[in-house]
Amino acid sequence: MKNVLSRGALFALTMIPTAAWAHPGLHGETSFMSGFLHPFMGVDHILAMVTVGLLAAHLGGRSLWAVPASFVLAMVAGGVLGVAGIHVPAVESGIAVSVIVLGVLVAMRSGISGSLAAGVVALFGIFHGAAHGTEMPVDASLIGYTAGFVIATAILHAAGIAIAFGAAAMSERHSQNVIRLGGSAVAIAGVVLTGASF
């Protein structure tokens, strides 16, 4: 598991300069950085994406990569909708609800199947992607901007997986308590965010 995480993190880091150079010059680099920084500028994005990693680590097996991948692919689709000006209803509320639901799934150590989990996170990924897309700077490169927020999201997913693996290195009882406490905190934060979004 740790080897998988290390290789995934290394791959994400090595992709950063590649994506930046995909559009030579200041414009391409600026587009990439705008996309890369966007997920880090909202606590709702950070909480949801890290919690996707926690959920993936809890489910284990193929879900370790399939759940985050489902989120990323749906997020890209949502981003395309946002850039195209296609209205996605209740984006902010959907993002806030995603924080609650993901937090609850982690806090309860849910026995949800990997395929259902992938479907749930994909639904929420559309809302997160739509937010990224609608807030893309008008002069940004679509490819550079998208590459930026995709890589940032992958890093946040990897952070959640790393937290879960770190907790697993503790005693079994303590690791479960840490993860459940973290999921509960995320869900509570989601409730606060939901109230602010209505």
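Quick note: structure is the one above.
On a predicted model such as this, the values are computed, not experimentally measured, just so you know.

Student: Would you take a moment to explain the overall build of the protein chain for this structure?
Tutor: The secondary structure content of the protein chain amounts to eight helices and zero strands. Taken from N to C terminus, the helices and strands of the protein chain fall in the order α-α-α-α-α-α-α-α. Expressed as a percentage of its 198 residues, the buried residues of the protein chain come to 46%. As presented, the protein chain carries roughly 9500 Å² of accessible surface, and 73% of it is formed by carbon and sulfur atoms.

Student: In this structure, what is going on with the nonpolar core? I would like to understand it.
Tutor: Side chains of a nonpolar character, in soluble globular proteins, are inclined to be buried together. One finds Leu-55, Leu-102 and Val-121 to be the most contacted residues of the largest nonpolar core, which totals 38 residues. Every element with two or more residues in this core is listed here: α3 (43-59), α4 (63-83), α5 (91-107), α6 (114-134), α7 (142-168) and α8 (172-197). With eight residues, the single largest contributor to this core is α3. Not counting the four nearest positions on each side in its chain, Leu-102 is found in contact with Ala-48, Thr-51, Val-52, Leu-55, Val-121 and Phe-124. Grouped together as the second largest cluster of nonpolar side chains are five residues, Phe-36, Ala-147, Ile-151 and Ala-152 included.

Student: Any chance you could explain the packing of α3 against α6 here in plain terms?
Tutor: A pair of packed helices is captured by two measures, namely the crossing angle of their axes and the spacing between those axes. α6 packs onto α3 with a crossing angle of 165 degrees between their chain directions and a minimal axis gap of 11 Å. In terms of orientation, α3 lies roughly antiparallel with respect to α6. Judged by the sense of rotation from one axis to the other, the crossing of α3 with α6 is left-handed. Contact with α3, carried on its side by Asp-44, His-45, Ala-48, Met-49, Val-52, Leu-55 and Leu-59, involves Gly-114, Ala-117, Val-121, His-128, Ala-131 and His-132 of α6 and no other residues of that element. Taken together, the residues of the contact of α3 with α6 break down into eight nonpolar, four polar and one charged.

Student: I would appreciate a short explanation of the side chain of Thr-194 in the present structure.
Tutor: You can see Thr-194 is positioned in helix α8. Here Thr-194 falls in the buried class, since its relative accessible area comes to 13%. Ignoring any residue separated from it by four or fewer positions in sequence, one finds Thr-194 in contact with Ala-96, Val-97 and Ile-100.

Student: Help me understand the environment of Arg-62, please; the structure alone is not making it clear to me.
Tutor: Position of Arg-62 relative to the elements: it lies in the loop between α3 and α4. Separated by 52 residues in sequence, Arg-62 and Gly-114 have C-alpha atoms that sit 7.9 Å apart.

Student: Would you mind going over the packing of aromatic side chains with me for this structure?
Tutor: Aromatic ring pairs are described here by two measures, namely the spacing of the ring centres and the angle between the planes. Scanning the entire structure with this criterion turns up three aromatic pairs. For the ring pair Phe-36 and Phe-40, a centre distance of 5.5 Å and an interplane angle of 50 degrees mean the geometry is tilted. On the basis of relative accessible area, Phe-36 is assigned to the buried category, the value being 14%. For Phe-40, a relative accessible area of 33% puts it in the partly exposed group. Aromatic side chains Tyr-145 and Phe-149 sit 5.7 Å apart centroid to centroid with 75 degrees between the ring planes, which places their arrangement in the edge-to-face category. A residue pair is termed a helical-turn pair when its members lie 3 or 4 positions apart in one helix, as Tyr-145 and Phe-149 do in helix α7 at four residues. For Tyr-145, a relative accessible area of 1% puts it in the buried group.

Student: Where do I start with the side chain of His-45 in this structure?
Tutor: Its location among the elements puts His-45 in helix α3. The residues touching His-45, leaving out its near neighbours within four places in the chain, are His-38, Pro-39, Ile-95, His-128, Ala-131 and His-132.

Rules behind the numbers
Residues numbered from 1 in each chain as written. Predicted model: local features only at pLDDT ≥ 70, side-chain atom pairs only at ≥ 80, totals over all residues. Heavy atoms only, no water. Helix = DSSP H or I, 4+ residues; strand = E, 2+ residues; numbered from the N terminus. Buried < 20%, exposed > 50% of the residue type's maximum accessible area, 1.4 Å probe, protein only. Areas by Shrake-Rupley, 256 points an atom, 1.4 Å probe, with all protein chains shown as cover. Core = buried A, V, L, I, M, F, W, Y, C linked by side-chain atoms within 4.5 Å. Contact = heavy atoms within 4.5 Å. Axes fitted to C-alpha atoms, helices over the stretch in contact; angles between N-to-C directions. Parallel < 35°, antiparallel > 145°, perpendicular 65-115°, else oblique. Left-handed = near helix turned anticlockwise from the far one by under 90°. Nonpolar A, V, L, I, M, F, W, Y, C, P; charged D, E, K, R; others polar. Phe/Tyr/Trp six-rings, centres within 6.5 Å; stacked < 30°, edge-to-face > 60°.

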